[in-house]
Amino acid sequence: MTDKLFHLVLAEEVLRQSESGVQNLLDRYFKNEIDSEFDQDEFQNAVKDAKAVDEPNPADWFEIVKSAGSNPGTGSLKFTVANLLFNTAEAYNDVDGYYHITPQLYAAAGAWYDELDIAISQRALFDHHTRKGLLHYHETELNDASGEMERAIETATNVSGEYENAYPEWLTTPVIYKALADARTLTAEGRREDAAELLKQRGQVFEDFGSLSEDSIQRITSAIGGERFRILSDKFLNNGEYERAEEVLGKAIGLFKEGGLERAGDNTLNKKKEVSVVIEEVNGNFTEAAASHDQISENDHYNKSKRNVHEIRAQICRAKAQTIDGNYEIALERIREINRQSDELQQDALDLGILNQLLLSYENGEVTNAKRALEKFTTSNQNKTPSHPLGVDYDYTELFVVVLALQRLNQTDLPEDLLRSLIQLSINRSFTPRQNQQFVQETYLEDISIDRLWRERLPSPVLSRVEEIQLEQASTAGNYKSVTLLLAELLEFYLALLVEFHGKHYWGDTWRSELVTEDEDEENLSIGVLSRIFTSDAATEIQNTDELDSILTADIAEFANLIDMRNKLDHAYTGHIDQDTFESIRERVFELLRSSVGDAPLAVSIQDKNLAGVYTARIHWWRGLRHILINTEAELNVGSYYYMPLEIIQESDDQVLYSIGEEDLVLVEDSRITDQMPELD
């Protein structure tokens, strides 16, 4: 009989209330080891020494039980067996071999402690419910987990005697895991908003127990905050907002670690790696994405099925990289390699194979039979099932139709370079997940209500900061200094973006000198200097300037105004900011954003220029990425970022090619903006 089995059977005999069964087990287990000579004093000293040890010492109690079992006359059988079971549970509760039996060991120890009227029975009963709850939780038996954690909380809040003042510290783990179990139950039912609200309420549960230590409070708020962010990541993933999902998963990992939930942190890290690969794919970095898929496919922390999917996705990404580079033959070879690797039909690979064959025909000046190609492609898409680990789906229909059309246009006098630009643009759009495309198509910028969706209308670099603040405030308690500093930085960042665009648009390259006085530095415009645009001649460019100036200059909390707040709030600020002060500053800053969002420019990055003078660009806005063509007389720098007015997108009937005047494309030069923009690529 192994030691583990011995402990399990011993616990079962205790729980059966069979003292004779325990004695028989000890007789059988120790029959060849029992010392015929028994020294009572030596036995009592061994018990005394074992009790004096602070750390779990199952080996000492094992020897003591051996002695007690061989000499029933000591009257110490129940006490020593209870101590053996309790110390074994304490020492091995996170060891794989013992993890599943630990709750029974605690329960048995508690039963005999209770019979002996020893106070530690309360702790053993509490640990029994807590460990059993954890076991249910990690096996996704969420209702059972919630029930056990509730019983653990009830046990902790009803202790007496020597544990009366210790119970608050016991509450940390069951409070956390009951909240997580209840939230995940709601999430499984599709009620993510309810789950997030529940966690918000449960995060305040410690307020009912004023004697909780700061460490316990931090663990509870961190763990519950981490779970809120994890749930929020699912919401973003369902909406195709992968960058936001990645950001909140990063927050969740940190909070889980702070809350002591190492397993949850590790699982969330694995999920974040998968989201990061999707972002690489969305951004067209298929070579890097292939390498990331390879890493996951070789990582034993993922199950075999998921590793296989990532192995195939790596090859698909390599095929896409070759497609973008125009190496259609090599892409086809990659796809053939996928078919050799997998016994199952890989629909994404099949679609890519059809498309690369069409592109190869275009390269060779051939015209494919459209009817047959359409029939083949239609059949392919009817059989389509998601094959991505996160359920990401791609739709190549647009690219398919464009290539068929361009095969025929290739026989005309249209410039070849223009046709290649259209192919490249279609490849970029088709290699963006279907969900992102749907949101772009279904929610045009002109349809967005500023009153209802003002946040989502913001340029991406601004929105990312708003999201960071909203996430940070959810996990902040006590001193709100750090998250208020983020608000101050957001205010300066947004004004820098807004003022650079409208200042250049109105004054041209001399715009800085129009805002500064003689003794001020033109290169580093402070927030006070930036705010002068609302009372300058360039104010005609911006709506609601009187309101915006009032929002900036009205007093706020302990500060003279928002400008004073930004100037005083930096990393050297030593003051304390309470929740009410933070919320008043937040509402004032958000009011400024809401009131001016209609004048905020879009940001675009210039990616390429063809021989016809048409630029390929990417718009950075609230839902994923949009690739467009820009026709302009301006000389744009490939790799640089430009502002452009929202109206150009609103008023154009063509959702691909935009004709933009030279004066409406404003180069982004403020380092506060350019330093962040590459993160969005």
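Computed from a predicted model, the values in this text were never measured in an experiment.

## Quick word on the overall build of the protein
From N to C terminus, the protein includes 33 helices and six strands. Intrachain contacts of the protein at a sequence separation of at least 6 include 68% that bridge at least 24 residues. Carbon and sulfur atoms make up 43% of the accessible area of the protein, which totals about 31000 Å².

## Points about the packing of helix α5 (residues 77-92) against helix α7 (residues 102-115)
Two numbers describe a pair of packed helices, the interaxial angle and the distance between the axes. Running from N to C, α5 and α7 point in directions that differ by 150°, and their axes come no closer than 8 Å. One element, α5, and the other, α7, form an angle in the roughly antiparallel class. Here α5 and α7 pass one another in a crossing that is left-handed. Taking contact as the criterion, the partners of Leu77, Lys78, Val81, Ala82, Asn83, Leu85, Phe86, Thr88, Ala89, Glu90 and Tyr92 in α5 are, on α7, Thr102, Leu105, Tyr106, Ala108, Ala109, Trp112, Tyr113 and Glu115. The residue makeup of the contact of α5 with α7, split by class, is 13 nonpolar, three polar and three charged.

## Re the pairing of strand β2 (residues 614-620)
Within β2, seven of the seven residues are buried, which leaves the element mostly enclosed by the surrounding structure. Bridge analysis of strand β1 (residues 602-609) against β2 gives six bridges, and the strand direction is antiparallel. The partner of lysine 609 across the bridge, within β2, is tyrosine 615. Following β1, the chain reverses through four residues before pairing antiparallel with β2; glycine 613 in that reversal takes a positive phi of roughly 85°.

## Section: the environment of aspartate 3
Following the sequence through the fold, aspartate 3 ends up in helix α1 (residues 3-15). You can call aspartate 3 partly exposed: its relative accessible area is 42%. Placed 26 residues apart in sequence, aspartate 3 and tyrosine 29 show a C-alpha to C-alpha distance of 9.8 Å. The residues contacting aspartate 3, other than those within four sequence positions of it, are Tyr29 and Tyr98.

## A few points about the side chain of threonine 80
Structurally, threonine 80 is set in helix α5. The residues touching threonine 80, leaving out its near neighbours within four places in the chain, are Phe43, Trp61, Ile64, Val65 and Ala68.

## Side note on the packing of aromatic side chains
This model, assessed by the stated rule, comprises 14 aromatic pairs. With 5.1 Å between their ring centres and 80° between their planes, tyrosine 137 and tyrosine 177 make a pair best called edge-to-face. Within this pair, whereas tyrosine 137 is found in helix α8 (residues 120-138), its partner tyrosine 177 is found in helix α11 (residues 172-188), the two being separated by 40 residues in sequence. For the pair phenylalanine 286 and phenylalanine 431, a centre-to-centre distance of 5.5 Å together with 85° between the ring planes defines the contact as edge-to-face.

## With respect to the pattern of salt bridges
Following the criterion strictly, the structure yields 32 salt bridges and no others. Its salt-bridge partner being arginine 566, residue glutamate 492 comes within 2.8 Å of it at the nearest N-O pair. On the criterion of sequence distance, the pair formed by glutamate 492 in helix α26 (residues 481-507) and arginine 566 in helix α30 (residues 562-568) is long-range, its members being 74 residues apart. Beyond isolated ion pairs, a larger network of salt bridges with shared partners links Arg184, Glu227, Arg230, Asp234 and Lys271.

## Considering helix α13 (residues 214-238)
Taking 1.5 Å per residue as the helical rise, α13 with its 25 residues ought to reach 36 Å, and the 36 Å between its terminal C-alpha atoms agrees with that figure. Glycine 240 occupies a position one or two residues after α13 and carries a positive phi of about 75°.

## Some details on the nonpolar core
If you look at the biggest cluster of nonpolar residues, it comprises 84 residues, and the most contacted ones within it are Phe6, Leu10, Val22, Leu26, Val81, Leu85 and Leu261. The leading source of residues in this core is α11, at eight residues. Those residues in contact with valine 81, other than ones at most four positions away along the chain, are Leu10, Val14, Val22, Val65 and Trp112. Ile469, Leu548, Tyr573 and Leu593 belong to the second largest nonpolar core, which has 58 residues in total.

## A few points about the packing of α13 against helix α14 (residues 242-258)
Orientation of α13 relative to α14, taken along the N-to-C sense of each, is 160°, at an axis distance of 7 Å. Here α13 lies roughly antiparallel to α14, going by the angle between them. Crossing of α13 against α14: the hand is left-handed. A per-class count over the contact of α13 with α14 returns twelve nonpolar, five polar and six charged.

## Concerning α8
Taking 1.5 Å of rise per residue, the 19 residues of α8 would be expected to cover 27 Å, and the 27 Å separating its terminal C-alpha atoms lies within 8% of that figure. Counting buried residues in α8 gives 15 out of 19 residues, a clear majority hidden from the surface.

## Side note on unusual backbone geometry
Its identity is not glycine, yet aspartate 117 carries a phi of approximately 60°, on the positive side. With a relative accessible area of 70%, aspartate 117 lands in the exposed category. Positive phi is not limited to glycine here, since asparagine 544 has a value of about 60°. By the element assignment, asparagine 544 lies in the loop between α28 (527-530) and α29 (545-553).

About the thresholds
- Residues numbered from 1 in each chain as written.
- Predicted model: local features only at pLDDT ≥ 70, side-chain atom pairs only at ≥ 80, totals over all residues.
- Heavy atoms only, no water.
- Helix = DSSP H or I, 4+ residues; strand = E, 2+ residues; numbered from the N terminus.
- Contact = heavy atoms within 4.5 Å.
- Areas by Shrake-Rupley, 256 points an atom, 1.4 Å probe, with all protein chains shown as cover.
- Axes fitted to C-alpha atoms, helices over the stretch in contact; angles between N-to-C directions.
- Parallel < 35°, antiparallel > 145°, perpendicular 65-115°, else oblique.
- Left-handed = near helix turned anticlockwise from the far one by under 90°.
- Nonpolar A, V, L, I, M, F, W, Y, C, P; charged D, E, K, R; others polar.
- Buried < 20%, exposed > 50% of the residue type's maximum accessible area, 1.4 Å probe, protein only.
- Pairing = 2+ DSSP bridges.
- Phe/Tyr/Trp six-rings, centres within 6.5 Å; stacked < 30°, edge-to-face > 60°.
- Salt bridge = Lys/Arg side-chain N within 4 Å of Asp/Glu carboxyl O.
- Expected span 1.5 Å × (residues − 1).
- Core = buried A, V, L, I, M, F, W, Y, C linked by side-chain atoms within 4.5 Å.

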